[in-house]
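Listed below are the residues making up each chain.
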Amino acid sequence: MSKEVIVYQAPSSSPTNSEAPKRAGRPVGARDRLPRTKRVTADKLPAMQFTPRDMSILLAAYAYRTISSTQLKQILAPDAARTRLNQRLSLLFQHGYLLRIEQPQGLSEPRKPYVYVLDRKGAAVVAEHQGVAPHDLEHWSPKDRHVKPLFLEHHLYINDVRIALLQSIAAHGFTLEAWHDERTLKRNHKDEVVGIRA
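Description of the structure in this document. (Residues numbered from 1 in each chain as written. Predicted model: local features only at pLDDT ≥ 70, side-chain atom pairs only at ≥ 80, totals over all residues. Heavy atoms only, no water.)

All right, on to the packing of helix α1 (residues 52-64) against helix α3 (residues 82-94) then. In the contact formed by α1 and α3, the axes pass within 11 Å of each other and the chain directions differ by 75°. In terms of orientation, α1 and α3 fall into the roughly perpendicular class. Taken together, the residues of α3 that come into contact with α1 (itself represented by D54, I57 and L58) are L85, R88, L89 and L92. Its residues assigned to classes, the contact of α1 with α3 shows five nonpolar, no polar and two charged. (Axes fitted to C-alpha atoms, helices over the stretch in contact; angles between N-to-C directions. Helix = DSSP H or I, 4+ residues; strand = E, 2+ residues; numbered from the N terminus. Parallel < 35°, antiparallel > 145°, perpendicular 65-115°, else oblique. Contact = heavy atoms within 4.5 Å. Nonpolar A, V, L, I, M, F, W, Y, C, P; charged D, E, K, R; others polar.)

Right, dumping it as structure tokens:
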């Protein structure tokens, strides 16, 4: 294998002006406490300067479709403090780039990490980065925003396998040429018929 396709790596340059929103909103104060799963109104929206790291986060959310904050840390910043990543995720959620989903959990279970999905604004940025229209994105659909709990858990387990595979491949000096997820396999093989004999 010789060609590496890891779409969540940070780009070498900053986003274009059309991708990067201007710093807007009120100044961030020391007492800011943003709600976890609800977006604030425009007058309470903290300022945000779009960064290359934010672009990396959006590309990862695009590549994996649904991804937890823990998994994002594994692939983007395994040695960095979790707080900084969580701050960027909170801003991307509040500014409409990402949708934040709470995982179902029992009363006795510890808090599970939030799961992130590209929202329409984030999809538009990724589409411009890819040079296509949002509806032509291969790994995104507006329906991804409404993933059911059973399928959410399924996607996260697949992510764990994918991340472990990528890490193992990299540790042994190899690269992954391509990854075909369920959606790609269904699209490419939807007309094939498999016969089963008793």
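All chains considered together, the criterion is met by three salt bridges. D119 is paired through a salt bridge with R39; the nearest N and O atoms lie 2.9 Å apart. Note that D119 is positioned in the loop between β3 (115-118) and α4 (120-130) and R39 in the segment before α1, a separation of 80 residues in sequence. We classify D119 as buried; its relative accessible area is 5%. With a relative accessible area of 31%, R39 lands in the partly exposed category. A salt bridge links R111 to E102; its shortest N-O distance comes to 3.7 Å. (Salt bridge = Lys/Arg side-chain N within 4 Å of Asp/Glu carboxyl O. Buried < 20%, exposed > 50% of the residue type's maximum accessible area, 1.4 Å probe, protein only.)

If you walk across this open sheet you meet the three strands as β1-β3-β2, and the pairing is antiparallel. Sheet topology places β1 (67-68) and β2 (98-101) at the edges, where each strand pairs with a single neighbour. As judged from the four bridges shared by β2 and β3, these two strands associate in the antiparallel manner. Residue pairing for β3: I101 is matched across the bridge by V115. (Pairing = 2+ DSSP bridges.)

Most peptide bonds are trans, and most residues other than glycine sit at a negative phi. For R65, which is not a glycine, the phi torsion comes out positive at approximately 70°. Position of R65 relative to the elements: it lies in the loop between α1 and β1. The class for R65 is buried, based on a relative accessible area of 13%.

On to the nonpolar core, then. L58, L72, L98 and L118 are the most contacted members of the largest nonpolar core, which has 34 residues in total. Residue assignment for this core shows that the elements contributing at least two residues are α1, α2 (69-76), α3, β3, α4 and α5 (149-171). The greatest single-element share of this core, amounting to nine residues, is contributed by α1. Non-local contacts of L98, meaning those with residues more than four positions away in its chain, are made with R39, I57, L58, A61, L89, L92, F93, Y116, V117, L118 and D119. Formed by six residues, the second largest nonpolar core is a distinct cluster that contains L99, V115, V117 and L156. (Core = buried A, V, L, I, M, F, W, Y, C linked by side-chain atoms within 4.5 Å.)

On the secondary structure map, E182 appears in helix α6 (residues 182-189). Looking at E182, the relative accessible area reads 31%, which means it is partly exposed.

With that out of the way, let us pick up the environment of L98. Here L98 is to be found in strand β2. Residue class for L98 comes out buried when judged on its relative accessible area of 0%. Each C-alpha atom of the pair L98 and A123 lies 8.8 Å from the other, and the pair is 25 residues apart in sequence.

All right, on to the packing of α2 against α5 then. The interhelical angle for the contact between α2 and α5, taken along N-to-C directions, is 10°, at an axis separation of 11 Å. As summarised for this structure, α2 and α5 are arranged roughly parallel, according to the angle between their axes. As for the relative orientation of α2 and α5, their crossing is left-handed in sense. Counting all contacts with α2, which are made through Q71, Q74 and I75, the residues of α5 involved are L156, N159, D160, I163 and Q167. Tallied by class, the residues present in the contact of α2 with α5 amount to three nonpolar, four polar and one charged. (Left-handed = near helix turned anticlockwise from the far one by under 90°.)

Without other data, these values stay purely geometric and don't point to any function.
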